[in-house]
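Spelled out, the chains give:
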Amino acid sequence: MTGTDTSDLAALGPCLPSPCQEIVDGRFERHGVRLLLKRDDQIHPDLVGNKWRKLAPNLATARGRTVVTFGGAYSNHLRATAAAGRLLGLSTVGVVRGQELAGRPLNPSLARCVADGMRLHFVDRSTYRRKSEPETLAALLRAVDAEDAVVVPEGGSSPSAVRGCRALGEELGGRADVAAVACGTGGTLAGLAAGLPRGRRTLGIPVLKGGFLADDIRLLQDRAFGGPRGDWSLDGRFHCGGYARTTPELDSFADDFEHRHGLPVERVYVAKLLHALLALAQEGAFPRGTTLAAVVTGRPFP
């Protein structure tokens, strides 16, 4: 393909709506909580997890132009964008946080991006923080020779992507009292909360520390919908030190969950989400009789 439109994206065969799987786990049951997994990791084999919901609206406007986006060294979003570029015949450029990485061997995630045809451009962390400023962005686009590019924000969290994630809440409908998702940039939560019916709530588990995410989500909803939508909250206690950081306790929990249920647990997002939900259930945060839906946003890589 040399261009992209909605029919091109549909031709990739996404599995939508993604399935819901009930997990029988005595640790939740003893607190009266029923656990469902919303298996967004099964939407598409190459477009990682819920990234389909974010990328499809962004890429539908590409129409043959280069796609430039942003992420860290272990970014699922970069990997998904590179895969989409390969499948759709689009040129992609990934602006990667960390100039010091330029001279090092690529980790498996960035190597996968390159194998899928993505050009990588490493920048220092100060420049990366300013990437949304018009002058900085224009300079970055000149540096990668893509001044006419379609620019997709970090994590894919554009207003159109947030509106695309609204379908996640609509798919869950009345199946869950609480829908929970691990959050990086907040776009999935912003759309999920907007799509849930009245009387249901959304819980976000940030995987980065810093306490900035609530303001970002409010801004995303304002840009996507013109104002706040849905009943949502964040619990910032479970980041384990920051993005892609882990602890022996988290690793032990993820290994045990895999053994109990025969399901691979992605460590950057999903493990922190499930670990947080168990801790909250044990704290009595969910009334007995609550049905809890955890959004599985990706699979382990590699």
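None of the values given here were measured: they were computed from a predicted structure.

(A) Here's a closer look at unusual backbone geometry. A cis amide bond links Leu16 to the next residue, Pro17, at an omega of -5 degrees. One can find Pro17 in the loop between helix H1 (6-10) and strand S1 (20-23). The phi torsion at Asp145 lies on the positive side, around 55 degrees, for a residue other than glycine. Notably, Cys240 is not glycine yet its phi reads approximately 60 degrees, a positive angle.

(B) Expanded view of the sheet that holds strand S9 (residues 231-234). The strand order across the open sheet formed by six strands is S1-S2-S10-S7-S8-S9, and the pairing between neighbours is mixed. Edge positions in the sheet fall to S1 and S9, since each has one partner strand and no second. When strand polarity is set aside, the average angle formed by the axes of neighbouring strands in this sheet is 25 degrees. Alignment of strand S2 (residues 34-38) against strand S10 (residues 291-295), held across five bridges, turns out to be parallel. What sits directly across from Leu37, in S10, is Ala294. Running over the sheet, helix H8 (residues 159-172) touches S1, S2, strand S7 (178-183) and S10 and is turned about 140 degrees from S2.

(C) The arrangement of the sheet that holds strand S3 (residues 67-71) in detail. Pairing in this open sheet of four strands is parallel, and the strands run S5-S4-S3-S6 from one edge to the other. The sheet is open, and its two edges are formed by strand S5 (119-123) and strand S6 (150-151), each paired on a single side. As defined by bridge partners, S3 adjoins S6 across two bridges and the pair is classed as parallel. The residue of S6 that forms the bridge with Val67 is Val150.

(D) Summary view of the packing of helix H9 (residues 187-195) against helix H10 (residues 213-225). Axis separation between H9 and H10 bottoms out at 9 Å; the angle between their running directions is 55 degrees. The angle between H9 and H10 falls in the class oblique. For the pair H9 and H10, the sense of crossing is right-handed. Of the residues in H10, those touching H9 at Gly187, Leu189, Ala190, Ala193 and Ala194 are Ile217, Leu220, Gln221 and Phe225. Taken together, the residues of the contact of H9 with H10 break down into seven nonpolar, two polar and no charged.

(E) Broad picture of the pairing of S2. For S2, the buried fraction is high: four of the five residues fall into the buried class. The sheet contact formed by S1 and S2 spans four bridges and is antiparallel. Bridge pairing links Cys20 to Lys38 in S2.

(F) Structural context of the packing of aromatic side chains. According to the stated counting rule, one finds three aromatic pairs in the structure shown. Residues Tyr243 and Tyr269 carry aromatic rings whose centres are separated by 5.9 Å and whose planes lie at 70 degrees to one another, so their mutual orientation is edge-to-face. Separated by 26 residues along the polypeptide, Tyr243 in the loop between S9 and helix H11 (248-261) and Tyr269 in the loop between H11 and helix H12 (270-283) bring together distant segments of the chain. Overall, the relative accessible area of 13% leaves Tyr269 in the buried class. It is Arg79 that lies over the ring of Phe301; its NZ or CZ is 3.9 Å from the centre.

(G) Representation of empty space enclosed by the protein in the model. This structure, assessed with the given rule, holds one cavity of 30 Å³ or more. The computed volume of the largest cavity comes to approximately 70 Å³. In terms of lining, the largest cavity is formed by Leu37, Arg39, Asp41, Phe257, Leu263, Pro264, Val265, Val270, Leu274 and Val296. Broken down by class, the residue content of the lining of the largest cavity amounts to eight nonpolar, no polar and two charged.

(H) Molecular detail of the pattern of salt bridges. Here the structure, examined in full by the defined rule, presents 22 salt bridges. Across the pair Asp256 and Arg27 runs a salt bridge, and its minimum N-O distance is 3.2 Å. Of this pair, Asp256 sits in helix H11 while Arg27 sits in helix H2 (residues 26-29), and the two are 229 residues apart along the sequence. Ionic contacts of the salt-bridge type, sharing partners, join the residues Asp25, Arg27, Asp256 and Arg260 into one network.

(I) A look at the layout of surface pockets. Roughly 210 Å³ of volume is contained in the second largest pocket. Considering the residues around the second largest pocket, the lining is formed by 14 residues, among which Tyr74, Arg79, Val268, Phe301 and Pro302 are closest to the centre. The set of elements that each furnish at least two residues to the lining of the second largest pocket consists of helix H4 (76-88) and helix H5 (108-115). The residue makeup of the lining of the second largest pocket, split by class, is eight nonpolar, two polar and four charged.

Procedures and definitions
Residues numbered from 1 in each chain as written. Predicted model: local features only at pLDDT ≥ 70, side-chain atom pairs only at ≥ 80, totals over all residues. Heavy atoms only, no water. Helix = DSSP H or I, 4+ residues; strand = E, 2+ residues; numbered from the N terminus. Pairing = 2+ DSSP bridges. Axes fitted to C-alpha atoms, helices over the stretch in contact; angles between N-to-C directions. Contact = heavy atoms within 4.5 Å. Parallel < 35°, antiparallel > 145°, perpendicular 65-115°, else oblique. Left-handed = near helix turned anticlockwise from the far one by under 90°. Nonpolar A, V, L, I, M, F, W, Y, C, P; charged D, E, K, R; others polar. Buried < 20%, exposed > 50% of the residue type's maximum accessible area, 1.4 Å probe, protein only. Phe/Tyr/Trp six-rings, centres within 6.5 Å; stacked < 30°, edge-to-face > 60°. Lys NZ or Arg CZ within 6 Å of the ring centre and 35° of its normal. 1 Å grid on protein atoms, 1.4 Å probe; cavity = no way out; pocket = protein on both sides within 12 Å on 5 of 7 lines; lining within 4 Å. Points joined across faces, edges and corners; volume = space filled by probe spheres on them. Salt bridge = Lys/Arg side-chain N within 4 Å of Asp/Glu carboxyl O.

Function cannot be read off these values alone, since they describe shape.
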